Amino acid sequence: MCALALFPLAAALATPGIAAPSATSGDASNELNVLHWWTSASERAAADHVAARMAEVGLRWVDGAVAGGGGGAAIKVLNERTLRRMAPKVAQLNGQSMSEWADMGLLLDLDNVAQRRNWSRTMFPQVMAQLTVRDHVVAAPLGIHRINNLYLNKAVFKQHKIELPSDWAGLERAAQALRAAGVTPVAFSDEPWQVATVFEALLLGEAGPALYRRMMVQRELQAFDDPALERSFKRLRDWRNMATGPAGTSQNGAPRERPWTELVADFAAGRSAMLITGDWARGELGTLGLEGGRDFECKAVPGTAQAHLYSIDTLAMLAGNLSSQAEQEKMAELLGSAALQLGYNRIKGSVPVRRDVPVDELDLCAQQSFKLFANPNTPRVPSLVHRMAFEEVGKNAVIETVHRFALDPNQTPAAAQRKLQGLLRALGPKSVKAAS
Ligand code: GAL
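Here the structure is a predicted model, which means the values were calculated and not measured.

### Considerations on the overall build of the protein chain
Here comes step 1: A count of helical and extended segments in the protein chain gives 18 helices and 12 strands.
Here comes step 2: A globule of 436 residues ought to have a C-alpha radius of gyration of about 22 Å, and the protein chain, at 22 Å, matches this closely.
Here comes step 3: Seen along its three principal axes, the alpha-carbon backbone of the protein chain occupies a region of about 65 × 45 × 40 Å.
Here comes step 4: Counting all 436 residues of the protein chain, 58% fall into the buried class.
Here comes step 5: In the protein chain, once contacts between residues fewer than 6 apart in sequence are set aside, the share between residues at least 24 apart is 79%.
Here comes step 6: Split by element, the accessible area of the protein chain, about 16,900 Å² in all, is 53% carbon and sulfur.
Here comes step 7: Across the protein chain, 47 positive and 44 negative side-chain charges occur, with their mean positions spaced 2 Å apart.

This is the structure:
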């Protein structure tokens, strides 16, 4: 793929008379400015791990973190900087939006690296599918997150002699017992992407992988008529209600919009006992000294134990004036290496993108996620919220619809389903490459 194809944004960037000399920023030739959204303690430590490995091969990671879980703010900054001809050399650009960037000729083609390092043989096919746009590799992979996790704080359950639940009836019983014991049963934030992250995991449980795929991958309008969708909205309401703190405690009251790291801190300290979220939370629990399997149980959201709702973190190399191509390729090669994969993912909570990495050194939860993902019989479904299924605009519109429902007690699950159906009709048929 040509680095600067004749598409409008790329053409505008190439117009003579626009001030900046280079379309990407970064001064010394070994410096690579990296735009990303990893700012929590574990995310930071994982990024620092990559930076340290880069330094060993003579590359300097110049940090361009933009705070905000889920990356909404980072993507806005990336768009803005690119339009101002100040694009970083490397950017966290996950999933579907990558094809739009590649089509505009903004991404460096990494086919040589992929061939040299035999990525098509070592990496999982779903990973290669995410990295590839129209037969060209346009990003380097970091890790695979699982989204449909249910975390249970073992010490809290033990202290109050409550049985660890695995189905909805058990969860509801546990919630009542926890509240009676003065503990907020569920950690929940009203931040839009966090609400929708819970929702997509619940949807997978209610719909099952085949129907989930018909909705989120094929975008089949009739699939959105299924009663499973209404049930998922109902579950979301129930789950959020379980996050109301017990009367008379400091946790009293309904959930609020809070950063995901605060939820993890509450869960770790035993102020809440149950949490549905992606396994970046497991990375964060690790930095707080808690270990999966020992201190907290990693279960799946009811109905999803055999399925893997995934999102894959990737770093794209911005083409710019091609002045850093050698360094960018060197970094991409390093990111895909077995040693880096193990070191980085151990901290981040995700699992390696390669089939050949010995994961027995990782905690039990990571081993479980890796084994499921590696098993060809596992239904693996892409995360909508984390950009594996829809392009940015459609994804944000779905998140907003789910969020509005969550915050409006007068909106019925049936009404939310109708709104989502209307939204999907308005978005029209799928226009980007299919997620696998
Ligand atoms: C996801 C990203 C993860 C994690 C999470 C919270 O979109 O894939 O790496 O950082 O956001 O910020």
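### Considering the nonpolar core
Here comes step 1: Residues Leu-236, Trp-239 and Met-274 are the most contacted members of the largest nonpolar core, which totals 71 residues.
Here comes step 2: No other element matches helix H10 (residues 192-216), which puts 14 residues into this core.
Here comes step 3: Sequence-distant contacts of Leu-236, defined by excluding residues within four places in its chain, comprise Phe-188, Val-195, Val-198, Phe-199, Leu-202, Val-402, Phe-405 and Ala-406.
Here comes step 4: Within the second largest apolar cluster, 64 residues are counted, among which are Trp-61, Ala-102, Leu-142 and Met-317.

### Digging into the environment of Val-50
Here comes step 1: Within the fold, Val-50 resides in helix H2 (residues 41-56).
Here comes step 2: Along the sequence, Val-50 and Val-113 sit 63 residues apart, while their C-alpha atoms lie 18 Å from each other.
Here comes step 3: Once you skip the residues sitting within four places of it in the chain, Val-50 turns out to touch Trp-61, Leu-142, Leu-335, Leu-340 and Tyr-344.

### Details of the sheet that holds strand E10 (residues 296-300)
Here comes step 1: Taken in spatial order, the 4 strands of this open sheet run E8-E9-E7-E10, and their pairing is mixed. With one partner strand each, in any of the chains shown, strand E8 (184-186) and E10 form the two edges of the open sheet. Strand-to-strand twist across the sheet, computed as the mean angle between neighbouring axes with direction ignored, equals 20°.
Here comes step 2: Bridging between E8 and strand E9 (residues 272-277) involves 2 bridges; their strand directions are parallel. Opposite Thr-184, over in E9, you have Ser-272 as the bridge partner.

### Looking at the environment of Val-264
Here comes step 1: With respect to the element layout, Val-264 can be found in helix H12 (residues 260-269).
Here comes step 2: On the basis of relative accessibility, which here comes to 1%, the residue Val-264 falls in the buried class.
Here comes step 3: When the C-alpha positions of Val-264 and Phe-188 are compared, they lie 9.7 Å apart, and in sequence the two are 76 residues distant.
Here comes step 4: Apart from the residues within four sequence positions on either side, Val-264 is in contact with Leu-275, Ala-281, Glu-284, Leu-285 and Leu-288.

### Some thoughts on the domain arrangement of the protein chain
A common way to report how large an interface is uses the accessible area buried once the components associate.
Here comes step 1: Domain parsing of the protein chain yields domain 1 (3-145 + 313-374) and domain 2 (149-308 + 382-427).
Here comes step 2: One C-alpha centre belongs to domain 1, the other to domain 2; they are set 28 Å apart.
Here comes step 3: With 29 residues of domain 1 at the interface, the matching set in domain 2 holds 24 residues.
Here comes step 4: Interface area for domain 1 against domain 2, summed over the two sides, is near 2,200 Å², with a carbon-plus-sulfur share of 56%.
Here comes step 5: Our count for the contact surface shared by domain 1 and domain 2 stands at 1 salt bridge.
Here comes step 6: Tallying contributions element by element places helix H16 (residues 364-374) first for the side of domain 1 that touches domain 2, with 7 residues.
Here comes step 7: Partitioned by chemical class, the residues of the side of domain 1 that touches domain 2 number 10 nonpolar, 15 polar and 4 charged.

### Brief notes about the pattern of salt bridges
Here comes step 1: Here the structure, examined in full by the defined rule, presents 28 salt bridges.
Here comes step 2: With a closest N to O distance of 2.8 Å, Arg-235 and Glu-206 form a salt bridge. Remark: Glu-206 occurs in helix H10 and Arg-235 occurs in helix H11 (residues 227-241); sequence separation between them is 29 residues.
Here comes step 3: According to the relative accessible area criterion, Glu-206 is buried, its value standing at 16%.
Here comes step 4: Linking Lys-234 and Asp-238 is a salt bridge whose minimum nitrogen-to-oxygen distance equals 3.2 Å. One end of the pair, Lys-234, and the other, Asp-238, are both in helix H11, 4 residues apart, so they sit about a helical turn from each other.
Here comes step 5: Residue classification places Lys-234 among the partly exposed positions, given a relative accessible area of 42%.
Here comes step 6: Since its relative accessible area comes to 21%, Asp-238 is described here as partly exposed.

### Some words on the packing of aromatic side chains
Here comes step 1: Under the counting rule described, the total for this entry stands at 10 aromatic pairs.
Here comes step 2: With centroids separated by 6.5 Å and ring planes inclined at 75°, the aromatic side chains of Phe-267 and Phe-296 adopt a geometry described as edge-to-face. Note that Phe-267 is positioned in helix H12 and Phe-296 in strand E10, a separation of 29 residues in sequence.
Here comes step 3: For Phe-267, a relative accessible area of 0% translates into the label buried.
Here comes step 4: Here a set of aromatic residues connected by ring pairs shows up, and it is made of Phe-124, Tyr-310, Phe-370 and Phe-373.

Quick notes on the rules
- Residues numbered from 1 in each chain as written.
- Predicted model: local features only at pLDDT ≥ 70, side-chain atom pairs only at ≥ 80, totals over all residues.
- Heavy atoms only, no water.
- Helix = DSSP H or I, 4+ residues; strand = E, 2+ residues; numbered from the N terminus.
- Rg over C-alpha atoms; globule rule 2.2 N^0.38 Å.
- Buried < 20%, exposed > 50% of the residue type's maximum accessible area, 1.4 Å probe, protein only.
- Contact = heavy atoms within 4.5 Å.
- Areas by Shrake-Rupley, 256 points an atom, 1.4 Å probe, with all protein chains shown as cover.
- Lys, Arg positive; Asp, Glu negative; His and termini not counted.
- Charge placed at Lys NZ, Arg CZ, Asp CG, Glu CD.
- Core = buried A, V, L, I, M, F, W, Y, C linked by side-chain atoms within 4.5 Å.
- Pairing = 2+ DSSP bridges.
- Axes fitted to C-alpha atoms, helices over the stretch in contact; angles between N-to-C directions.
- Domains from an automatic or database assignment.
- Buried area = accessible area lost by both parts, 1.4 Å probe.
- Salt bridge = Lys/Arg side-chain N within 4 Å of Asp/Glu carboxyl O.
- Nonpolar A, V, L, I, M, F, W, Y, C, P; charged D, E, K, R; others polar.
- Phe/Tyr/Trp six-rings, centres within 6.5 Å; stacked < 30°, edge-to-face > 60°.

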